[in-house]
Structure formats: structure tokens, C-alpha cells
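Breakdown of the fold
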Amino acid sequence: MGDHKFVYLPDDEGQTYVINLKGTGDGIFTLKSSDITDNEVQNTETFAEIPVTTNLEGELDIENSLLSLDRNGDGTTDVELQGVPNQTVTLPKITITTDNKTMHLGGPVPVLTATLSGFVNGDTAENSVTGSASCTTTATLESSAGSYPITCTIGTLVSDKYIFTDFAPGIFTIIPPTFLVPDISDKLVYQYDLIGKLLTTIPLDPSNSKAAGIAADDQKIYVVDKIAKKVFVYSTTGSLLSSFNLGIIDDSARGIAVKDDIIYVADKSKDQIVLYNQSGVVLSSFNLHSNNGDAQGLGIYNNTAMVVDEADKLVYLYDLITKTFQNSFKLNSSNGDPEGIVSDGAKYWVVDEEDKKIYEYNLAGIFTKTIPFSSSNGDAEGLELFYGGKIGR
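To start, this report covers the structure provided alongside it. As the structure is a computational prediction, the values presented were derived from the model and not from experiment. Each chain carries its own residue numbering, running from 1 in the written order of its sequence. Where totals are concerned, whole chains, interfaces and linings use all residues; where local detail is concerned, this predicted model gives features only for residues with pLDDT of at least 70, and gives and counts side-chain atom pairs only at 80 or more. Each side-chain value is derived from all of the structure's non-hydrogen atoms; neither hydrogens nor water enter the calculation.

Within the protein one finds one helix and 34 strands. In this treatment the radius of gyration is a C-alpha quantity, and the globule benchmark scales as 2.2 Å times the residue count to the 0.38 power. Taken over C-alpha atoms, the radius of gyration comes to 34 Å for the protein, far larger than the 21 Å a tight globule of 393 residues would show. Across its three principal directions, the C-alpha atoms of the protein cover 110 × 40 × 40 Å. Only protein chains enter the calculation, and the probe is 1.4 Å; a residue is then buried if its accessible area is under 20% of its type maximum, exposed if over 50%, and partly exposed in between. Burial statistics for the protein: of 393 residues in total, 43% are counted as buried. Counting only contacts in the protein whose residues sit at least 6 apart along the sequence, the fraction spanning at least 24 positions is 47%. With residues, only the protein chains shown are counted as cover, and all accessible areas are computed by Shrake-Rupley using a 1.4 Å probe. Carbon and sulfur atoms make up 48% of the accessible area of the protein, which amounts to about 19,000 Å² in all. We score Asp and Glu as negative and Lys and Arg as positive, and we do not count His or the chain ends. Taken as the charge location is NZ of Lys, CZ of Arg, CG of Asp or CD of Glu. Taken together, the 27 basic and 53 acidic charged side chains of the protein have centroids lying 15 Å from each other. In this text, helices come from DSSP runs of H or I with a minimum length of four residues, and strands from runs of E with a minimum of two, each type numbered from the N-terminal end. Residues count as neighbours in contact if any of their non-hydrogen atoms are within 4.5 Å of one another.

So, about the sheet that holds strand 8 (residues 93-98). Pairing between two strands requires that DSSP report at least two bridges joining them. In space, the three strands of this open sheet follow the order 10-8-13, with mixed pairing throughout. Both outer strands of the open sheet, strand 10 (114-117) and strand 13 (163-168), are each paired with one neighbouring strand and no more. Each strand axis lies, on average, 30° off the axis of its neighbour in the sheet, ignoring direction. Pairing of strand 8 with strand 10 involves four bridges; the strand directions are antiparallel. Looking at strand 10, one finds that Thr95 is bridged to Ser117. Only the stretch in contact is used when a helix axis is fitted, and all axes are lines through C-alpha atoms; the angle between N-to-C directions ranges over 0 to 180 degrees.

Across the sheet, which stays open at both edges, the four strands sit in the order 26-27-28-29 with antiparallel pairing between neighbours. If you trace the sheet from one side to the other, it starts and ends with strand 26 (295-301) and strand 29 (324-330), each paired once. Between one strand axis and the next, the sheet turns by 25° as a mean value, whatever way the strands run. Relative to strand 28 (residues 314-319), strand 27 (residues 304-309) runs antiparallel, the two being bridged by six bridges.

Here, a salt bridge means any Lys or Arg side-chain nitrogen found within 4 Å of an Asp or Glu carboxyl oxygen. All told, the structure shown has six salt bridges when counted by the stated rule. Taking the shortest distance from any N to any O, the salt bridge between Lys161 and Asp123 comes out at 3.6 Å. A residue pair is termed long-range when its members are at least 10 positions apart, and Lys161 in the loop between strand 12 (146-153) and strand 13 and Asp123 in the loop between strand 10 and helix 1 (125-128) qualify at 38 residues. Among the residues examined, Asp123 registers a relative accessible area of 17% and is labelled buried. Here Asp260 ties to Lys259 by a salt bridge, and the two come within 3.6 Å at their closest N and O atoms.

For Phe, Tyr and Trp, where Trp contributes only its six-membered ring, two rings pair if their centres lie within 6.5 Å, and the inter-plane angle classes them as stacked under 30 degrees, edge-to-face over 60, or tilted in between. Per the counting criterion, the structure on display carries twelve aromatic pairs. Ring plane angle 35° and centroid distance 5.0 Å describe the contact between Phe329 and Tyr348, whose orientation is recorded as tilted. Of this pair, Phe329 sits in strand 29 while Tyr348 sits in strand 31 (residues 347-352); the two residues are 19 residues apart in sequence, bridging distant segments of the chain. Phe329 sits in the buried class, given a relative accessible area of 8%. Members of the aromatic cluster, each reached through a chain of ring pairs, are Phe329, Tyr348, Tyr359, Tyr361 and Phe367.

Bringing the environment of Asn43 into the picture now. Within the secondary structure, Asn43 sits in strand 3 (residues 40-52). Here Asn43 falls in the buried class, since its relative accessible area comes to 18%. Sequence-wise, Asn43 and Asn86 are 43 residues apart; in three dimensions their C-alpha atoms are separated by 5.5 Å. When near neighbours in sequence (up to four residues on either side) are disregarded, Asn43 contacts Ser33, Ser34, Asp35, Pro85 and Asn86.

Right, let's talk about the pairing of strand 12 for a bit. Remember that side chains alternate between the two faces of the sheet whenever the strand is regular. Alignment of strand 11 (residues 134-137) against strand 12, held across four bridges, turns out to be antiparallel. For Ser134, the partnering residue across the bridge sits in strand 12 and is Thr153. Across five bridges, the pairing between strand 12 and strand 14 (residues 170-175) is antiparallel. If you follow Tyr148 over to strand 14, its bridge partner there is Phe172.

Of all residues except glycine, most have a negative phi; of all peptide bonds, most are trans. Positive phi outside glycine occurs at Asn121, with the angle close to 55°. We classify Asn121 as exposed; its relative accessible area is 77%. Positive phi, close to 55°, is recorded for Lys313, a residue that is not glycine. Tracing the backbone through its elements, the reader meets Lys313 in the loop between strand 27 and strand 28. Exposure remark for Lys313: the relative accessible area of 24% places this residue in the partly exposed category.

The next subject is the pairing of strand 18 (residues 211-216). Buried residues dominate strand 18, accounting for six of its six residues. The pairing of strand 18 with strand 19 (residues 220-225) spans four bridges and is classified as antiparallel. Looking at the pairing, Ala211 lines up with Asp225 of strand 19. What sits between strand 18 and strand 19 in their antiparallel hairpin is a turn of three residues.

Structure follows, in C-alpha cells:
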């Protein structure tokens, strides 16, 4: 078909006309059929936004104002459109609604999808549409917590019966992490948002009575116990999954962290960090700085281990690749009873047992603010950033 075609057909002898159609490219076309009397248009029937393919075949029955289309050229009529005087008729329109998505900070990024609506006569996406919408978002693995747009386009969607014209955007929400703080007195793990609002608690196993640190990944929560001399492993719902003995560490465990399924435990007595696999087998160990003799908390971000020292009120930083000391920074003078440390790569947080606050520091080690937490959490023994949503459910 060209850009425009005009066909004038007389009906003075009562003729019946059928116009045959043949697609010659891709795109859409509009077909108008007008009744003209004495050079005046009496009414016009318009068929608009009809998708064209090179296989398209069809016919317009002028007498009955019926447009029949064979989209694939296989001899089967796929759709019929009934013209209406002085109105525009199109194929039924499908709305592509982008599905809202959420993820916890740090990923994994969910697959972006869309929902199709507007089907008629019992049709569904499964029996009348092939392909899928193409959806994109500005959110990435490096994005901070917040809301981001998701947009979808037609992608590879194809239908013999419908057109895709309406697109509704969606929202991609990145949920920030939460703090986990175990309490040695009431045997609970407290969960807070990043401003200190209490979200929930889960109980520890009765034998896990002297927590000395907490760590977590997306699926599990690890609590080291300085009296039981064990690591207790919980599901994120709070169910005890397993435990293992620390072996070479006696009652001096003072912090725990997890990275790539390796469990790191700080040993206050031997001034070292011991590495275990998930079964509790010792893999290796490395020594802390000679001045780091009162380890009270351990955290890991990327390839940096952070050990907070209660005696000299310093945070010692170690390279996990070389297992060597890198540098240290001084805690705020009010942060006098540090019991755990975490980082998200942009900040450090240190929990203080005595004043029931979490102290925030920038990457230069400069104190920025405090985050008070529940007074019931009066014997805090560890701190973790949790990226897996709300615990205990």
C-alpha cells in the first residue's frame, strides 16, 4: 500500500463491491469508506490503526461495512471489524500495565514484567498474544534506597486480534536494610529500621543464652555464643536450623561476620579472627593488630574487616585479601561501650550497650549522629545490617 489510495465506485446499477487488501510492509493503516450523494459525503466509516504485515490479506465488504483480515495470509480470517457510520473502529486495544517491583538494597534485581488487559470474548494473553513487553528501569544494583520508574514498550508483543497502544508505568522500590541487635538479657534479636524504630523481635534458642555477636545473609541469621562456645544458625523466621562448636575458641568469642558462606569469628583471647565453613570446620585464621587486644565486635563489608576495640575505643580495619591491618579510627568519647560494628560502604555504625544507641560515622571515621533504640534492648551484644526484609515471618 502507498501512503494514500482513493477508489471511487459507482452504485447506480446496484452493484456490490468487495475490495481486496494486501500488505506490502510493516506499520499501520487507516481505511475509510464514504457514501457520496450529489458530491456530498453522507456518512463515513473509518477503520483505523490496523497493523500491517507483509503477509496481511483482507477484504472490505462495502455493502455490509465489514472488514475481514487474515494477518498471516494462511487463508483463515483472524478478525472481523464491523463498520459504524461516522465513527472510527479499531481492533480492541490492549493496555500494557507495568508491574510494580521491590527489592532489598543490594539485590538481587527482580525480573521486570507487565500485565496485559483489555481482552474480549473470552480471549486471554495465552491464546491471543505472543512475545513479551520490553521493560526497563533506572534502578541498578548500585542504586540507593528509594523509588524509581519502570517503563514498558511493546517489545516483541504480537497479536492477530488486538493492538497495543496504552502503556502504564510502574514503580521500582528499593527497600533499605535494617539493624539486627541481639540482647544478652532477654534472649531476643531486635530489628530496627535505620532511624531506630523497632520493627519486631525474635527469640533466641534457650541454649543460646549469651550472645556475643550477630551476622546475617539473605537466608540465615548467625549468633555466636560466648558461654555455649557455639555459633547458632537461624532461619530469617527465627527457627533454629543448626549450630556448631567453635573448637579452638573458648569463651572469648566477641563478634561474628559472614561473607561468601565463610563465617568469621573474632577471638578476644588470642587476638585473632578464625574462619569457618558452614559446617563449622576451621579453615584458617589471622592475627589482629597488637594493640587490638579487646575485640568486642566484628563486621565485614566487601574485603574489609572491621574490629571494634573496647579498651582503646578504636575501630581497626583489616584487608581480608592480605589479612593485614590497614588503619584505624577513634570512636566518639560517648561511644564508650561498643559491642558491634557494621558498614554499608558509605557509613559505619557502632552499637553501644551502655547508652542504648547506635553511633554513626562517615568513612573518614568522623562521628555524625546517634540513633537511639528500644530501652528494652538494654544489653546489646552485636550489630548487623540485614538486607532480607522483616524477620520472624
